[in-house]
Amino acid sequence: LHSYGYGVFSWRQVEADGRWYDVATREHGGAIPGYSAELITVPDEDLVIATLATGGGVYYGALLATIWEQLLDVAPITAPDPGIDPQQFERYAGSYLDAYNVGRVDVSVGVDGALDVSMPDLDDAGVPYGSDLTAISAGNFLLSIQGTWTTISFLTDPDELDAPETRWLRHR
């Protein structure tokens, strides 16, 4: 991920159907139960791809891989190093508050060295979620809530990038 702002992801390289491609894109997508949408622009190629589906979490990785390989003549590349450093996990441990969605979020380093999450307000409401955060890149993790995977990012104060602790937890 090169950058993110105003809901738009800016990628230098992209993954499609389990393969990586050296294609720079700007994209936004999302899903709710029963619907999925994705808008991808490839500025260097003057190409825009829009997909809509009547199904939650439906994305077209195989179609995108075909577009990259057949239309743009781009071969798959070796996956980039995600930069995951388990030694940094301790800095993400702490208590966070998402007052508008899931409430209290407690993150800790488990005995196995992985990050564990507890959400007492979701527990009280009977909402199922996974207790493990799965690292996907430096500071970014996947979490399952009600069987749907969501991205969780840990952010530091931009003026204190080397701070020993994280200030914020963000969902997408």
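Structure shown above.
The rules behind each value
Residues numbered from 1 in each chain as written. Predicted model: local features only at pLDDT ≥ 70, side-chain atom pairs only at ≥ 80, totals over all residues. Heavy atoms only, no water. Core = buried A, V, L, I, M, F, W, Y, C linked by side-chain atoms within 4.5 Å. Buried < 20%, exposed > 50% of the residue type's maximum accessible area, 1.4 Å probe, protein only. Helix = DSSP H or I, 4+ residues; strand = E, 2+ residues; numbered from the N terminus. Contact = heavy atoms within 4.5 Å. Pairing = 2+ DSSP bridges. Arc of directions from axis to C-beta.

Asker: Describe in detail the nonpolar core, supporting the description with residues and values.
Answerer: Residues Val107, Leu115, Met119, Leu133 and Phe154 are the most contacted members of the largest nonpolar core, which totals 17 residues. Within the residue set of this core, elements represented by two or more residues are strand 10 (103–109), strand 11 (115–118), strand 13 (140–145) and strand 14 (148–155). The residues contacting leucine 115, other than those within four sequence positions of it, are Phe89, Tyr92, Val107, Ser108, Val109, Ser131, Asp132, Leu133, Phe141 and Phe154. In this structure, Tyr21, Val42, Ile67 and Leu72 belong to the second largest nonpolar core, which totals 14 residues.

Asker: Give me the sheet that holds strand 4 (residues 19–21): which residues, what numbers.
Answerer: Across the sheet, which stays open at both edges, the three strands sit in the order 3-4-8 with antiparallel pairing between neighbours. Of all the strands in the sheet, the pair left with one neighbour each is strand 3 (14–16) and strand 8 (76–77). In this sheet, strand 8 lies alongside strand 4 in antiparallel orientation, the contact comprising two bridges. Residue pairing across strands places tyrosine 21 opposite proline 76, the latter belonging to strand 8.

Asker: Lay out helix 1 (residues 61–71) in plain terms, naming residues and giving numbers.
Answerer: Among all positions of helix 1, only Leu64, Ala65, Ile67 and Trp68 are buried. Buried residues of helix 1, viewed axially, fall in a sector of 155°; they line one side. Seen from the open side of helix 1, the exposed residues pointing more than 90 degrees away from its buried face are Gln70 and Leu71. Looking at the packing, one finds that the buried side of helix 1 touches strand 3, strand 4, strand 5 (25–32), strand 6 (35–42) and strand 7 (47–53).

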